[in-house]
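For reference, the chains in residue letters:
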Amino acid sequence: MRAARTLATLDEVELGDHVCWRMNPASAFAGDARGYVADGALYGDKIVVVGSTPAPRHAVPPASVILDFPAATDTDSVLAAVRREARTAVREGYRSVRVLAERTPATAPGGAEELLAQELKLDEFASETGAIVVCAFEPARWPATTLDDVACVHPHEMGTRAERPAFRMFSTGADSWSVDGVIDSECAPAFNGALRAAIRRTPEVKLRFDTLDMIDAAGMHALVDAARHLPDRRIVVEGASETVRLCWELAGYETAGVPVVMAA
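The text that follows walks through the structure, step by step, so that each part is easy to find.

Calculation criteria
Residues numbered from 1 in each chain as written. Predicted model: local features only at pLDDT ≥ 70, side-chain atom pairs only at ≥ 80, totals over all residues. Heavy atoms only, no water. Helix = DSSP H or I, 4+ residues; strand = E, 2+ residues; numbered from the N terminus. Buried < 20%, exposed > 50% of the residue type's maximum accessible area, 1.4 Å probe, protein only. Contact = heavy atoms within 4.5 Å. Areas by Shrake-Rupley, 256 points an atom, 1.4 Å probe, with all protein chains shown as cover. Phe/Tyr/Trp six-rings, centres within 6.5 Å; stacked < 30°, edge-to-face > 60°. Axes fitted to C-alpha atoms, helices over the stretch in contact; angles between N-to-C directions. Parallel < 35°, antiparallel > 145°, perpendicular 65-115°, else oblique. Nonpolar A, V, L, I, M, F, W, Y, C, P; charged D, E, K, R; others polar. Pairing = 2+ DSSP bridges. Salt bridge = Lys/Arg side-chain N within 4 Å of Asp/Glu carboxyl O. Patch = residues over 30% accessible without salt bridge, like charges linked within 9 Å, V, L, I, M, F, W, Y side chains within 5 Å. Lys, Arg positive; Asp, Glu negative; His and termini not counted. Charge placed at Lys NZ, Arg CZ, Asp CG, Glu CD.

**Thoughts on the overall build of the protein chain**
Here is step 1: Helix and strand counts for the protein chain stand at seven helices and 13 strands.
Here is step 2: Here the protein chain holds 264 residues, and the buried ones make up 51% of them.
Here is step 3: Within the protein chain, residue pairs in contact and separated by at least 24 positions form 71% of the contacts whose partners lie at least 6 positions apart.
Here is step 4: A total accessible area of about 11,600 Å² is found for the protein chain, and carbon and sulfur atoms account for 53% of it.

Right, dumping it as structure tokens:
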């Protein structure tokens, strides 16, 4: 079962992890990433580097794959290439693939929602295949609010802690997402953006609220707004507490016109 957690170092990564690495300082990338790559070779993982190499190419294990795409390459193409390497790794006898992606603002031409959609796809990939995916962000190159929003769709975090959001949304299967933590008025925009990014890919999304501590009126509004963002979409919430279900009903959302089903 996947669960949100904070990592002190990249030595702590496990199969299926999707890590938001907020580098501080930025110079830590070369040394820490080199250790992450070396551990992959030790444990029998195929190394897939997206973007810059963490060390001179001669220092990267010979079996490593460098996916050095142009900045304008869309995420679907990058993810398709990573998935191909994952399938190849299985045939070649590797334990898994160990992905290192150095993220830059140029990879998100569609804005914050597009970036969230990209990260959700990477999280599904890690969850489905057992791959380890580390996304490296240099804080100085990103707006602080964008990094805080990005952190919410990574179940695992390392480096500089995000001030917000106080929740995590991560994959638990095809079109199924677990949400934990607290969704309040400060987090509601990030929650809405993550949901919009998820629901634009499928007509129905399932959310698990088993480990959600609290959602306030702003969070509920963000949930309904995301479901209504596109036509013929529906969000099914499972595992909601009795208190959440009661508040949902009292807020007037328990009606046929709201495309959100709140279940126990």
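**Some thoughts on unusual backbone geometry**
Here is step 1: Of note in this structure, Asp175 is not a glycine but carries a positive phi near 55°.
Here is step 2: The backbone of Asp232 sits at a positive phi, close to 55°, despite the residue not being glycine.
Here is step 3: Along the chain, Asp232 turns up in the loop between helix H6 (217-227) and strand S12 (234-238).
Here is step 4: Asp232 gets classed as exposed once you look at its relative accessible area, which sits at 73%.

**Observations regarding the packing of aromatic side chains**
Here is step 1: In this structure the tally under the stated criterion is three aromatic pairs.
Here is step 2: When the ring of Phe137 is compared with that of Trp142, the centres are 5.4 Å apart and the planes differ by 70°; the resulting orientation is edge-to-face. For the pair shown, Phe137 and Trp142 are each scored as buried.
Here is step 3: Ring centres of Phe167 and Phe191 lie 5.6 Å apart, and the angle between their planes is 85°; this geometry places the pair in the edge-to-face category. Of the two residues, Phe167 sits in strand S8 (residues 167-173) while Phe191 sits in helix H5 (residues 188-199), which places them 24 residues apart along the sequence. Both residues of the pair, Phe167 and Phe191, belong to the buried class.

**A closer look at the packing of H6 against helix H7 (residues 242-250)**
Here is step 1: Where H6 meets H7, the axes come as close as 11 Å, and the angle between the chain directions of the two elements is 70°. What the angle tells us is that H6 and H7 run roughly perpendicular. Facing Met220, Leu223 and Val224 of H6, the residues of H7 in contact are Val244, Cys247 and Trp248.
Here is step 2: Split by residue class, the contact of H6 with H7 holds six nonpolar, no polar and no charged.

**A closer look at the pairing of strand S6 (residues 132-137)**
Here is step 1: Of all six residues in S6, six are buried; the element is thus mostly enclosed.
Here is step 2: Neither face of S6 is exposed, since Ile132, Val134 and Ala136 on one face and Val133, Cys135 and Phe137 on the opposite face are all buried.
Here is step 3: Relative to S6, strand S2 (residues 18-22) is paired through five bridges, and the arrangement is parallel. Residue pairing for S6: Trp21 is matched across the bridge by Ala136.

**Brief notes about the pattern of salt bridges**
Here is step 1: On inspection of all chains with the given rule, the structure shows 17 salt bridges.
Here is step 2: Across the pair Arg22 and Asp148 runs a salt bridge whose closest N-O atoms are separated by 3.3 Å. Pair noted here: Arg22 is in strand S2 and Asp148 is in helix H4 (residues 144-151), with a separation of 126 residues, a long-range link. Pair check on accessibility: Arg22 and Asp148 agree, each one buried.

**Digging into a negative patch on the surface**
Here is step 1: On the surface, a cluster of negative charge is contributed by Asp11, Glu12, Glu14 and Asp32.
Here is step 2: Mapped onto the elements of the fold, Glu14 is located in the loop between strand S1 (5-7) and S2.

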